[in-house]
Structures are given as structure tokens and as C-alpha cells.
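Residues per chain are reported as follows:
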Amino acid sequence: MTRSWTLNGGDRLGPHGFEQTPLHVADGRIETAAAPDAEEFDASGAWVLPGIVDLHGDGFEAIVQPRPGVHFPYDIAFQEADAQMISNGITTGFHALTVSWEPGLRDIAVSRALVAALNVVAPRLTCDTHLNIRWETFALDHVDEVITWLAKRSGDILSINDHTSANHKLGEDSAKLQRMAVRMGMSPADAKAEIERTWSRREEVPAYLDEICTAATRLGRPILSHDDMTREDRREGRARQITVAEFPMSEEAAAEAREAGEHVVLGAPNALRGESHNGALCATSAIVQGLCTVLASDYYYPAPLYAVLRLDKSGVLPLHEGWKLVSANPAAAAGLADRGTLAPGQRADIVVLDKTTRRIRSVFVDGRRVLNRE
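All values derive from a computational prediction rather than experimental measurement. (Residues numbered from 1 in each chain as written. Predicted model: local features only at pLDDT ≥ 70, side-chain atom pairs only at ≥ 80, totals over all residues. Heavy atoms only, no water.)

Enquirer: What should I look at first to understand the nonpolar core in this one?
Expert: A general tendency of soluble globular proteins is for nonpolar side chains to be buried together. Trp135, Val146, Leu158, Ile160, Ile212, Leu295 and Trp323 are the most contacted members of the largest nonpolar core, which has 76 residues in total. Ignoring any residue separated from it by four or fewer positions in sequence, one finds Trp135 in contact with Val99, Val143, Val146, Leu158, Ser159, Ile160, Asn161, Tyr208, Leu209 and Ile212. (Core = buried A, V, L, I, M, F, W, Y, C linked by side-chain atoms within 4.5 Å. Buried < 20%, exposed > 50% of the residue type's maximum accessible area, 1.4 Å probe, protein only. Contact = heavy atoms within 4.5 Å.)

Structure follows, in C-alpha cells:
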């Protein structure tokens, strides 16, 4: 399969907007001139865009377990997620893998099996696939294992999550605890007891948090916070070298990150729907205020593409600016200097998007055409 192309006739996304210039690819890289063996690709009537970089996608969980208690083989699930990501223009993906103290779907044995399966299947995947390791701060017994994964698996990132501090306040009759109980394979009463047992170790959390952040920083891995509520939350994270705010819950937390020049990740489904599904910070409002720099698929792989198109159509952000939310900015947040734009020397991860239908015509990953709908 060739990795050298000349894409003609389309509007190519450049640093200052769209340009009607050919895009040259040689051996999987963007170049300034055509390769001698380049194949021609007619992109007339389309935008030529860098591939989407998705920093946080947990849609694969619903593929692994489409119904409570029903698990499908993990290699099949990863390949199905791969097909869905590519068909929606995601050329670099970070599966949000939860490392928790919970039994059930998020049991550490499941996480281990998912990591092992991904290690095996990754060479067969089309999307450049990594992990966003979502370490729950009360998963104290798994810190060493997470550090080992970060050391062995190149390109993964770490996200710091604390749902226990809020969940221990839930009553057995709350809808959220009942959903957790189903996920954990327990009755609501037993799930509540397990949360309380975990909460009893709260005095140990800060030391383990320092340990895992120090290790990730030493390994050069970006660290993301999750669900910051206040400016102080963000400042405490920054002191531990947590430099990306992922799904902040308030404008003040997002503002604290942006004032420090840090990236802020919000959910693309939020921006696509025009509101958060759980009453959190509105992504559209945050974008208007300059408080959001990255959109991630979260639980719905089509969302990054269609959220950017909605922002353009509604006059919130023109396409050439909005696309940075799903390409250049997430690449920078993840420390991926070789992708996110169509500049010379970058990986040839490309999305060809039809202007009329707003549907993806073709996707290229590392110069290989992996999807063609013409």
C-alpha cells in the first residue's frame, strides 16, 4: 500500500485558514513537493484536514460490555472500536482505561486483561491507539502497576480521577449508586458498604498521589486532572505537575487552567448536544469564553467531528478554528509533536471531508489510505 500521495483540488487547512493548494505526502510524511511515486487523489469539493486526536474515549466500554454482565472478547472489542474511530476521522485515539478499586466492569483484573489484549492487537489496529490511564485516587493498591504500564507502553498518558470523595455521600436509593451497583455486580447495599470501606483509607491518598505523579513526570508522560471544581483544585494539581485540566466542573477551574496557559479538555458530546448530560460546565459556553481548547469523544466516537461542524454552523467558531480543538490542541496536550497539523514533516494523518454532505470521504493514517467512501 502506497504511503505517497498528492491530494489535489481540495481546501487544505493551513496555519491561517483554508488554502487551495495541493497536499503532498511522501513515505507517510507531509512534504513541500510531490514524491516521484506519488499517487493522485482528487479532493475536489472537500476540506483536507489533519486527523482527529481523541484524548479521552471510553466508548469502548460499551463495546466490551454492551449489556450488564455480558463481556465480549477484548480483541474483538478493540477492533470494533478501531473501526468506529477511523470511520469518524479519529486517527490517534486514547482509550480511557479506568484503574479502580471497584469490582465488576472496572475490576483491576479487567483492566489488566484489557491492557494485555491491546498489547497483542495494537499492531493490527488502524488508528494509532494508546491509553489514557484513569487512575482513581483511592486505587491505592494498583499504583505500582500503573507506573509499570507507563514505563513499558510508549505514548500513554495519565489522568487523575477522584469519584470516591463524592460517591461516598450517595444513599442506597440514589440513581447514581444504583448504576454503580449494576457496574460492580452488587446490590446497592453491598456497593455502599464497599464505597465506605474504600473511603476509610482517605488519609493514605496524598502520599500515593505524590508517588504516581512523580513517576509519570519522570517518565515524561502528560498528566491530566479530572473534574476540578475550584481554582484551588487546579493549583494543587499544578503543584504535582498535572498540567492539563480534563472535564473541569466549573468556569473558575477552567479559567485557572487557561490563565496558566494549560489546555482544558471538555466533552465533544457536550458541545454537539449544546449542553452537558449531567449538568456540568457547558462546552459551548466555555469555548465562547476561551475556556476550552480540546474536545474529546468521551462516550461517543462521532462527537468530535460533528461537534466542530455544529460550532461552525451555529456561528460559534469557524471550521478552520474549531478543528484545532480536535487536532492541533489535543496533540499538543498529549505531547505529540509529530501530528495535529498538515505542516511539512508531520505524520500524514488526514481526513477528507465533503463540503456538501459533511461526510468523510477518505481517511489516511501515516500516509496509508485506510477509508475510502468514493
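Back to the text.
Enquirer: Looking at this structure, how should I read the pairing of strand 7 (residues 46–50)?
Expert: Looking down a regular strand, the side chains alternate between one sheet face and the other. Across the 5 residues that make up strand 7, a large majority, 5, are buried. Strand direction decides the pairing type here: strand 7 and strand 16 (residues 350–354), joined by 5 bridges, are antiparallel. In the sheet register, Trp47 faces strand 16, and the bridge partner there is Leu353. (Helix = DSSP H or I, 4+ residues; strand = E, 2+ residues; numbered from the N terminus. Pairing = 2+ DSSP bridges.)

Enquirer: What am I meant to see in the sheet that holds strand 13 (residues 244–246) here?
Expert: Picture the strands of a sheet paired through backbone hydrogen bonds; they go either parallel or antiparallel. Pairing within the open sheet is parallel, and its 8 strands lie in the order 8-9-10-11-12-13-14-15. Of all strands in the sheet, those with a lone pairing partner are strand 8 (52–57) and strand 15 (294–296), marking the two edges. Strand-to-strand twist in this sheet, taken as the mean axis angle between neighbours without regard to direction, amounts to 25 degrees. Bridge count between strand 8 and strand 9 (residues 90–99): 4 bridges; the pairing is parallel. (Axes fitted to C-alpha atoms, helices over the stretch in contact; angles between N-to-C directions.)

Enquirer: How do you make sense of the sheet that holds strand 17 (residues 360–365) when you look at a structure like this?
Expert: In spatial order, the strands read 3-2-7-16-17-18; together these 6 strands make up an open sheet with mixed pairing. Of all strands in the sheet, those with a lone pairing partner are strand 3 (17–19) and strand 18 (368–372), marking the two edges. The mean angle between the axes of side-by-side strands here comes to 25 degrees, regardless of whether they run parallel or antiparallel. The sheet contact formed by strand 2 (residues 11–14) and strand 3 spans 3 bridges and is antiparallel. Across the sheet, residue Arg12 finds its bridge partner in strand 3, namely Glu19.

Enquirer: Please clarify how the pattern of salt bridges should be interpreted in this entry.
Expert: One side chain can pair with another of opposite charge once the charged atoms of both are near each other. Under the criterion given, the structure shown has 26 salt bridges. For Arg201, the salt bridge identified is with Asp141, shortest N-O distance 3.3 Å. Of the two residues, Arg201 sits in the loop between helix 7 (188–199) and helix 8 (205–218) while Asp141 sits in the loop between strand 10 (128–136) and helix 4 (143–152), which places them 60 residues apart along the sequence. Relative accessible area serves as the criterion here: at 22%, Arg201 is assigned to the partly exposed category. One salt bridge connects Glu196 with Lys192, and the closest N-O pair in it is separated by 3.3 Å. With Glu196 and Lys192 both in helix 7 and 4 residues apart, the pair spans about one turn of that helix. Relative accessible area serves as the criterion here: at 32%, Glu196 is assigned to the partly exposed category. (Salt bridge = Lys/Arg side-chain N within 4 Å of Asp/Glu carboxyl O.)

Enquirer: Just to check I follow, could you spell out the packing of helix 2 (residues 74–87) against helix 3 (residues 108–121) for this structure?
Expert: Two packed helices can be described by the angle between their axes and the distance between those axes. As a packed pair, helix 2 and helix 3 sit with axes 9 Å apart at the nearest point and diverge in direction by 65 degrees. Pair helix 2 / helix 3 crosses with right-handed handedness. Here Tyr74, Asp75, Phe78 and Gln79 of helix 2 come into contact with helix 3, specifically with Val110, Ala113, Leu114, Ala117, Leu118 and Val121. Taken together, the residues of the contact of helix 2 with helix 3 sort by class into 8 nonpolar, 1 polar and 1 charged. (Left-handed = near helix turned anticlockwise from the far one by under 90°. Nonpolar A, V, L, I, M, F, W, Y, C, P; charged D, E, K, R; others polar.)

Enquirer: Explain the side chain of Ser100 to me, please; I cannot follow it from the model alone.
Expert: In this structure, Ser100 sits in the loop between strand 9 and helix 3. On the basis of relative accessible area, Ser100 is assigned to the buried category, the value being 2%. Here the side chain of Ser100 touches Glu102 through a polar contact of 3.0 Å, landing on its backbone nitrogen. If near-sequence neighbours (up to four positions away) are discounted, Ser100 is found in contact with Arg106, Glu136, Ala139 and His142. (Polar contact = N/O pair within 3.5 Å; in protein donor to acceptor, adjacent residues only side chain to side chain.)

Enquirer: Help me understand helix 6 (residues 175–184) in this model?
Expert: Working note: α-helix, 3.6 residues per turn, so residues spaced by three or four point in the same direction. Turning to helix 6, its buried residues are Leu177, Met180, Ala181 and Met184. With its buried residues spanning 105 degrees around the axis, helix 6 presents them on a single face. Here the buried face of helix 6 lies against helix 5 (164–167) and helix 7. Positive phi appears at Gly185, one or two residues downstream of helix 6, with a value of about 70 degrees. (Arc of directions from axis to C-beta.)

Enquirer: Even after reading the chapter, I still don't get the pairing of strand 11 (residues 157–161), so can you show me in this structure?
Expert: In terms of residue burial, strand 11 counts as a mostly covered element, since 5 of its 5 residues are buried. The side-chain alternation of strand 11 yields two buried faces, one formed by Ile157, Ser159 and Asn161 and the other by Leu158 and Ile160. Sheet analysis places strand 10 next to strand 11, joined by 5 bridges and oriented parallel. Note that in strand 11 the partner of Asn132 across the bridge is Ile157. Crossover handedness for the path strand 10 to helix 4 to strand 11: right-handed. Relative to strand 12 (residues 223–226), strand 11 is paired through 3 bridges, and the arrangement is parallel. Counted as the bridge partner of Ser159 is Leu224 from strand 12. (Right-handed = clockwise from strand over helix to strand, strands pointing away.)

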